[in-house]
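Summary of the model geometry
One-letter residues, chain by chain:
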Amino acid sequence: MFAIAEPIPLWLQITAVGLWLGFVFLTSTIMRRLGHEPELVRKVVHIGTGNVLFLAWGLNIPLWLCFGASVTFTAIALLSYFLPVLPMLDDVGRKTHGVFYYAVSITCLVTWFWSIGLPQYAVVGIIVMAWGDGLAALVGQRWGQHAYHFMGNKRTLEGSLAMLVTSYAATCLILGIAQGINLETFLIPLPVAAVAAVLESVSPGGTDNLTVPLTSASLCYGLSLIG
């Protein structure tokens with residue numbers, strides 16, 4: 001299992017996460033001031049905050065600390081709809097509850113999988129959403145040539161393909177770290193990535209931040225039990 005063998009002092013765990021989040025938000029602030037596209041800034045924050053769960057897994061951060069941090073993130077995300085506490089996420093010209101849904105997903109997955117000693121599945125759900133959705137949006141905007149619509153969602157085939165490939169690669173990586181390289185490491189991510197790509201395409205109004213991570217984590221866990 002991917003985790004540092006020697007116990008790490010709590011203060012060092014908190015410091016490591018704080019430094020990473022500080023780096024993410026400092027980077028986003030600099031990008032805003034340099035005039036980068038708001039959507040690009042938003043995705044940097046989206047991907048960067050998702051990586052915190054991978055860090056928490058590797059540092060073996062306890063459930064109570066992960067839960068407390070995720071609840072705090074959820075409260076801040078909710079507050080951001082009334083006060084400009086997350087300006088780097090408010091400049092993209094569209095208002096959804098995606099950030100709040102993202103925080104709720106993290107809270108649910110941390111509570112579930114940390115409590116049963118299988119944090120890798122929480123990491124699968126969030127990393128699939130963080131990297132898959134993040135790269136899907138960026139690839140679709142920059143190189144998307146074949147657009148399609150579903151229930152008011154505008155997507156591109158190029159973006160959806162990026163979501164599929166990234167989700168597969170991320171899931172393979174996490175399962176490989178958690179359980180070693182075997183046939184399941186490469187087979188289980190196939191349906192996980194396919195379902196994630198479909199959900200990212202059809203979930204309206206930012207709800208993909210709920211449907212993708214929760215379904216990806218649950219499906220990966222269920223398939224692992226069957227396998």
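Residues numbered from 1 in each chain as written. Predicted model: local features only at pLDDT ≥ 70, side-chain atom pairs only at ≥ 80, totals over all residues. Heavy atoms only, no water.

Here helix 6 (residues 157–179) contains 23 residues, and its C-alpha end-to-end distance of 33 Å stays within 8% of the 33 Å for a straight helix at 1.5 Å per residue. Positive phi appears at G180, one or two residues downstream of helix 6, with a value of about 85°. (Helix = DSSP H or I, 4+ residues; strand = E, 2+ residues; numbered from the N terminus. Expected span 1.5 Å × (residues − 1).)

Before going further, it helps to spend a moment on the nonpolar core. If you look at the biggest cluster of nonpolar residues, it comprises 40 residues, and the most contacted ones within it are L53, I61, F113, W114, M163, V212 and C220. Of all the secondary-structure elements, those providing two or more residues to this core are helix 2 (38–58), helix 3 (63–79), helix 4 (98–115), helix 5 (119–143), helix 6, helix 8 (189–202) and helix 9 (208–226). Considering each element in turn, this core owes the most residues, 10 residues, to helix 5. When near neighbours in sequence (up to four residues on either side) are disregarded, V212 contacts V128, M129, M163, A196, L199 and E200. (Core = buried A, V, L, I, M, F, W, Y, C linked by side-chain atoms within 4.5 Å. Buried < 20%, exposed > 50% of the residue type's maximum accessible area, 1.4 Å probe, protein only. Contact = heavy atoms within 4.5 Å.)

Glancing now at the confidence of the model for the protein. The predicted model of the protein averages 87 in pLDDT, with 90% of residues at 70 or higher. Per-element confidence in the protein is highest for helix 9, whose mean pLDDT is 96, and lowest for strand 1 (residues 147–150), whose mean pLDDT is 79. (pLDDT = per-residue confidence, 0-100.)

Moving on, we come to the packing of helix 3 against helix 4. Running from amino to carboxyl end, helix 3 crosses helix 4 at an angle of 165°, the nearest separation of the two axes being 8 Å. One element, helix 3, and the other, helix 4, form an angle in the roughly antiparallel class. Crossing of helix 3 over helix 4 shows left-handed handedness. Contacts from L63, C66, F67, S70, V71, F73, T74, A77 and L78 of helix 3 reach helix 4 at V99, F100, Y102, A103, V104, I106, T107, V110, T111, W114 and S115. Broken down by class, the residue content of the contact of helix 3 with helix 4 amounts to 15 nonpolar, five polar and no charged. (Axes fitted to C-alpha atoms, helices over the stretch in contact; angles between N-to-C directions. Parallel < 35°, antiparallel > 145°, perpendicular 65-115°, else oblique. Left-handed = near helix turned anticlockwise from the far one by under 90°. Nonpolar A, V, L, I, M, F, W, Y, C, P; charged D, E, K, R; others polar.)

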